[in-house]
Amino acid sequence: MTLEIPYRSIPDMFLKRVATTPDRPAFAHPAADDSGPVWLTWAQVGSRATAIAAGLRGLGVEAEDRVAILANTRLDWVIADLGVMCAGAATTTVYPTTGPADAAYIIGDSGSRVVMAENPMQAGKIGGAALPVLTHVVLLDGAPDPAATPPQLTLAELEARGAAALAAEPDLIEKIVAAIGPDDLATVIYTSGTTGRPKGVELLHRGWCWEAVAQSELGLMVAGDLQYLWLPLSHSFGKSLLCGVIHVGLPTYVDGRVDRLIDNLAVVRPTIMCAPPRVFEKVYNKVVITAREAGGAKARIFAWAVRTGKTKAAREKLGEPVPLGLKVRYAAAHKLVFAKLHARLGGRIRVLVAGAAAISVPLGEFFAAAGLPISEGYGLTETSAGVFVNRPGAVRIGTCGTALGDVECRIDSDGEILLRGAPVMRGYHNLPEETAGVFTEDGFFRTGDIGELSADGYLTITDRKKDLVKTSGGKYIAPSYVEGMFKALCPYASQAVVIGQDRNYCTMLISLDPDAVAGWTAGGPLEGRPYGEAVASAQARALISGYVEQLNAELNRWETIKNFAILPRDLSIEDGELTPSLKIKRRSTEVNFAGEIDKMYAGALLT
């Protein structure tokens, strides 16, 4: 069945939303004194976005020209993006953590004519780079440098210029938007670049509008919801959520300050929140460690509540009625244990969505037991983000759910997932050979992921095709499966990286969560010691060794971890070990910690 899309483009969808519900709350940003959200109506957002669009046209931006945004997640990012598209141009997204060399490469490779930079520091990343197409830099914050080349101006100045242009020609933007079609370029998002140079993924208006309607039809976003959006808007996941917001008219609080997330949840009280698995892992680890450290009756009550919740969730999954006695026990479990977790998330959560990487089954089971089932999804930058997701009320833990809309999926002979449909990219920017190489003759996109499709349409991801580890004994191992199991078992773990390619056994690099380590050392002989010293201690080795033994007991013999190293620091985006969406860059991690890997293979094996 074909999914009906009632829009020609994102600007078409946006202007219709503004016209339909002009006075309803659209987006909020944090107050300057952090006293709470400050809301803008759809009419206010529309006025600002169209002024930015007119201002960009005054700078010489034409249809499908690229305009780069180099900034953190914030309301101005959203409005600037809408302004770019209302000008008929396409947004090039650049992560704020991107280094100067890569930022200049992305802006140059995309052919961006204008850069919207968060502040002079971000603008400085492209200073001195040879970017002949770039004509202007617009600063969201800070004062322009009058001597800069290309010339700089503020976002407020750009809006003022646009407002003056619209006063002289009120229907300017409407005429531009009317000319934008479904097959026109909307966005160029550069892949995280797990190896080599990042590739620009060309995504069209039809794909984003498809995402908006598909999300609404499966019940992820409904009228009456309130969303907390903190995800990187440079990533396809965040962009797809913005499209759903416009289609549904969903009030959305925008705040990219991750360090404020937990505190703000209690203030904003959203009904929907989307996040990568690492956020849910940190919440889970905190809850589990707190219960264990409490000990005694509190620890026993916690364990009983989790067992009770899992029993209830299992019956509901099978469609079986929940007996009265179990209902009573679960009500007590909720009051004693789970209510605190709900309150920590704001107390009104209806839907939690996980994407960007797989969540472990134990983690999914815990949140389902707590009455907060996570709707795990699957998608790639090349597919405009999500194309499979677990629908609310039909979550099957350990899977990515069923296909959205009318996207087509088939599994190739080697297990690779192939996809075809409206959300699939036009191709890689300026890379025709690489584009041709990722499509089959009949137009299916080769995802590079290995998976299985059940008889009723639920997709399970086994691993990345290129990330499968093959030992020197010829055995294939799915590292993400082993890593996910370990992180579910060990509440102190932050990241885990299985090593074993062309080696005769597997080892693992492990980084610990700094907050968890601080709690573990409190009151003991290591209290007050620096993180690096604490994790290098014999006590830390003994602690983690116990969890590795538990892991090995659940693995096939050839998958077991024969040695491990606790890293002196956590993996990071800045050091090149994580992508901005928190996926592990395996090659970079192995290079950065080559010394630790050599020591593991030279040292004594675990018994």
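You'll find the structure just up there.
Residues numbered from 1 in each chain as written. Predicted model: local features only at pLDDT ≥ 70, side-chain atom pairs only at ≥ 80, totals over all residues. Heavy atoms only, no water.

Enquirer: What is the right way to look at the overall build of the protein in this model?
Expert: Secondary structure summary: the protein contains 21 helices and 26 strands in total. Against the globule reference of 25 Å for 607 residues, the protein gives a C-alpha radius of gyration of 25 Å, in line with a compact fold. Oriented by its inertia axes, the alpha-carbon framework of the protein measures out at about 75 × 60 × 55 Å. Scored against the burial criterion, the 607 residues of the protein give a buried share of 54%. The contacts in the protein between residues at least 6 apart in sequence include a share of 65% that link residues at least 24 apart. Element-wise, carbon and sulfur atoms account for 54% of the exposed surface of the protein, whose accessible area totals about 24,800 Å². A gap of 7 Å separates the mean positions of the 60 positive and 66 negative side-chain charges of the protein. (Helix = DSSP H or I, 4+ residues; strand = E, 2+ residues; numbered from the N terminus. Rg over C-alpha atoms; globule rule 2.2 N^0.38 Å. Buried < 20%, exposed > 50% of the residue type's maximum accessible area, 1.4 Å probe, protein only. Contact = heavy atoms within 4.5 Å. Areas by Shrake-Rupley, 256 points an atom, 1.4 Å probe, with all protein chains shown as cover. Lys, Arg positive; Asp, Glu negative; His and termini not counted. Charge placed at Lys NZ, Arg CZ, Asp CG, Glu CD.)

Enquirer: What should I look at first to understand unusual backbone geometry in this one?
Expert: Of note, the amide linkage connecting Thr149 to Pro150 takes the cis form, showing an omega dihedral of 0°. On the secondary structure map, Pro150 appears in the loop between strand 6 (136–139) and strand 7 (152–154). Phi at Arg269 takes a positive value of approximately 55°, unusual for a residue other than glycine. Inspection of the secondary structure assignment puts Arg269 in the loop between helix 10 (261–268) and strand 12 (272–275). Exposure remark for Arg269: the relative accessible area of 37% places this residue in the partly exposed category. In this structure, Asn430 is a non-glycine residue whose phi angle is positive, near 60°. Tracing the backbone through its elements, the reader meets Asn430 in the loop between strand 19 (427–428) and helix 15 (432–437).

Enquirer: Got a minute to help me understand the sheet that holds strand 5 (residues 112–117) in this structure?
Expert: One open sheet accounts for eight strands, arranged 7-6-5-3-4-8-9-19; its pairing is mixed. Two strands bound the open sheet, and with one partner strand each, they are strand 7 and strand 19. Pairing of strand 3 (residues 66–70) with strand 4 (residues 90–94) involves five bridges; the strand directions are parallel. Bridge pairing in strand 4 links Ile69 to Thr93. Contacting strand 3, strand 4, strand 5 and strand 8 (185–190), helix 3 (residues 75–86) runs over the sheet at an angle of about 145° to strand 4. The strands that helix 6 (residues 155–168) touches are strand 5, strand 6 and strand 7; relative to strand 7, the one it contacts most, it runs at about 80°. (Pairing = 2+ DSSP bridges. Axes fitted to C-alpha atoms, helices over the stretch in contact; angles between N-to-C directions.)

Enquirer: Mind showing me how you'd approach the packing of aromatic side chains here?
Expert: Aromatic ring pairs are defined here through the distance separating the ring centres and the angle between the ring planes. Taken as a whole and assessed by the stated rule, the structure comprises 10 aromatic pairs. Aromatic side chains Tyr492 and Tyr547 sit 6.3 Å apart centroid to centroid with 55° between the ring planes, which places their arrangement in the tilted category. Separated by 55 residues along the polypeptide, Tyr492 in the loop between helix 16 (479–489) and strand 24 (493–499) and Tyr547 in helix 19 (residues 538–552) bring together distant segments of the chain. Tyr547 carries the same exposure label as Tyr492, and that label is buried. One aromatic cluster in this structure is built from Phe280, Tyr284, Phe302, Phe366 and Phe367. The ring of Phe444 is capped by Arg410, whose NZ or CZ atom sits 4.2 Å from the centre of that ring. (Phe/Tyr/Trp six-rings, centres within 6.5 Å; stacked < 30°, edge-to-face > 60°. Lys NZ or Arg CZ within 6 Å of the ring centre and 35° of its normal.)

Enquirer: How should I be thinking about the sheet that holds strand 25 (residues 506–512) in this particular structure?
Expert: Through backbone hydrogen bonds, the strands of a sheet pair up, either in parallel or in antiparallel fashion. The three strands lie next to each other as 24-25-26, forming an open sheet whose pairing is mixed. The strands lining the two open edges of the sheet, one partner per strand, are strand 24 and strand 26 (561–566). In this sheet, adjacent strand axes meet at a mean angle of 25° when their direction is disregarded. Of the pairings in the sheet, the one linking strand 24 to strand 25 comprises six bridges and is antiparallel in character. Considered in strand 25, the bridge of Ala496 is made with Ile510. The strands that helix 19 touches are strand 25 and strand 26; relative to strand 26, the one it contacts most, it runs at about 145°.

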